[in-house]
Amino acid sequence: MTQNARIALVTGASRGIGKAIALGLAARGFDLVLNDIAAQATPLDETAAEARAHGGRVIALHADVSDKAQVQAMVAASVAQMGTLHAVVNNAGILRASDVEHCPEEYWDRVMDINAKGTFLVVQAVLPLMKAQNYGRICNIASIGGKHGAPEQAHYSASKAAVMGFTRVLAQEVGPYGITANCICPGIILTDMGRVNLDDPAISNAWKAKTAMARIGDPEDVAGPVAFFCSNDSAFVTGQSLNVDGGIVLS
Ligand SMILES: NC(=O)c1ccc[n+]([C@@H]2O[C@H](COP(=O)([O-])OP(=O)(O)OC[C@H]3O[C@@H](n4cnc5c(N)ncnc54)[C@H](O)[C@@H]3O)[C@@H](O)[C@H]2O)c1
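Residues numbered from 1 in each chain as written. Predicted model: local features only at pLDDT ≥ 70, side-chain atom pairs only at ≥ 80, totals over all residues. Heavy atoms only, no water.

A. Geometry of the overall build of the protein chain. Within the protein chain, the secondary structure is distributed over eight helices and seven strands. Considering only C-alpha atoms, the protein chain reaches an extent of 50 × 40 × 35 Å along its principal axes. Taken across its 251 residues, the protein chain has 51% of its residues classed as buried. Across the protein chain, contacts joining residues at least 24 apart in sequence account for 74% of those joining residues at least 6 apart. By element, 54% of the accessible surface of the protein chain is carried by carbon and sulfur atoms, the whole surface being about 11000 Å². (Helix = DSSP H or I, 4+ residues; strand = E, 2+ residues; numbered from the N terminus. Buried < 20%, exposed > 50% of the residue type's maximum accessible area, 1.4 Å probe, protein only. Contact = heavy atoms within 4.5 Å. Areas by Shrake-Rupley, 256 points an atom, 1.4 Å probe, with all protein chains shown as cover.)

B. Representation of the site of the ligand. Not every one of the 30 residues close to the ligand is listed here, only the nearest: Arg 15, Asp 36, Asn 91, Tyr 156 and Thr 191. One of the backbone N or O atoms of Val 65 is found 3.0 Å from a nitrogen atom in the ligand. When isolated, the ligand has an accessible area of 820 Å², and the protein chains bury 95% of it. At a threshold of 2 Å from the grid points, most atoms of the ligand map onto the largest pocket. The residue inventory of the shell around the ligand, partitioned by class, reads 14 nonpolar, eleven polar and five charged. (Near = heavy atom within 4 Å. Polar contact = N/O pair within 3.5 Å; in protein donor to acceptor, adjacent residues only side chain to side chain. 1 Å grid on protein atoms, 1.4 Å probe; cavity = no way out; pocket = protein on both sides within 12 Å on 5 of 7 lines; lining within 4 Å. Sits in = over half its atoms within 2 Å of the grid points. Nonpolar A, V, L, I, M, F, W, Y, C, P; charged D, E, K, R; others polar.)

C. How the structure looks around the pairing of strand 3 (residues 58-62). Looking at chain direction, strand 2 (residues 31-36) and strand 3 are connected through five bridges and run parallel. From the neighbouring strand, Asp 36 faces strand 3, where its bridge partner is His 62. (Pairing = 2+ DSSP bridges.)

D. Main features of the state of the cysteines. Using the criterion set out here, one finds zero disulfides in the structure. The closest cysteine sulfur to the non-disulfide-bonded Cys 139 is located on Cys 230, 5.3 Å from its own sulfur. Unpaired in terms of disulfides, Cys 185 finds its nearest cysteine sulfur in Cys 183, a separation of 5.9 Å. (Disulfide = S-S within 2.5 Å.)

E. Highlighting the sheet that holds strand 2. The strand order 3-2-1-4-5-6-7 describes an open sheet built from seven strands, whose pairing is parallel. Looking along the sheet, the strands with just one partner apiece sit at the ends: strand 3 and strand 7 (241-244). Across this sheet, the average inter-strand angle for adjacent strands is 20°, counted without regard to direction. Relative to strand 5 (residues 136-141), strand 4 (residues 87-90) is paired through four bridges, and the arrangement is parallel. Looking across to strand 5, one finds that Asn 90 is bridged to Asn 140. Across the sheet, helix 2 (residues 41-52) touches strand 2 and strand 3, and the angle it forms with strand 3 is around 165°. Taken strand by strand, helix 4 (residues 105-132) contacts strand 1 (7-10), strand 4, strand 5 and strand 6 (179-186), and its axis lies near 175° from that of strand 4. (Axes fitted to C-alpha atoms, helices over the stretch in contact; angles between N-to-C directions.)

Next up, the structure:
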């Protein structure tokens, strides 16, 4: 077995949970390929600079994860510049709120394209090299919304349920090659996306009341569990979807 997973790709790493994951992995000694869309170039560069302060190699690559050609080019550039990838964190995602009756078809398509197809495309691009090296850690960021869900998020919930189903089958296909595939399901986390659930103090307080830990999550709360799935400590854990939600589903 590879002595330690050293090089990780994190998608959607310019801000929020992806940024916290990147910095958490950097603090644990990972070298990093950080991805986001070109429009996020400046904050992505800032994340990369913060990650570099931990001493590892860090590069930033722009790609829309829903575009196969861009994803293939990103993985090729990762290999050309870093040598290989040991771990991949599929974090890039979007939320477009609408009830089912009025949901524009475009919302459904874009949410599914980025959250579900984007995960598939990145995994498909890295599998040949992970199989060849007989080692890989794949961590897909789903959501408690994919297990439960809230009104006006049916299409988002469907996309995250798709990621979990995809991951369960992927784990079976790639296990013989020393590759694990797991999901993290964040709860309510304070990010630009999370604010949809939190802007109204009444809603925010209602979420706190439903949460065993009695608080809203911080992006950093997600980083440790992701690092576990990217490490050798989780070598015999695969096909799982771990809630990182402060205990919302317990109450
Ligand atoms: N915040 C929450 O409460 C919460 C809860 C559960 C799950 N999640 C999931 O966590 C992940 C991160 O969410 P966040 O809250 O940090 O959101 P965010 O909106 O703050 O960050 C998402 C990042 O993904 C990037 N991105 C969007 N489309 C992309 C594309 N096509 N290609 C590459 N990058 C793209 C964005 O530019 C952004 O940097 C998402 O998958 C989200 O669904 C978030």
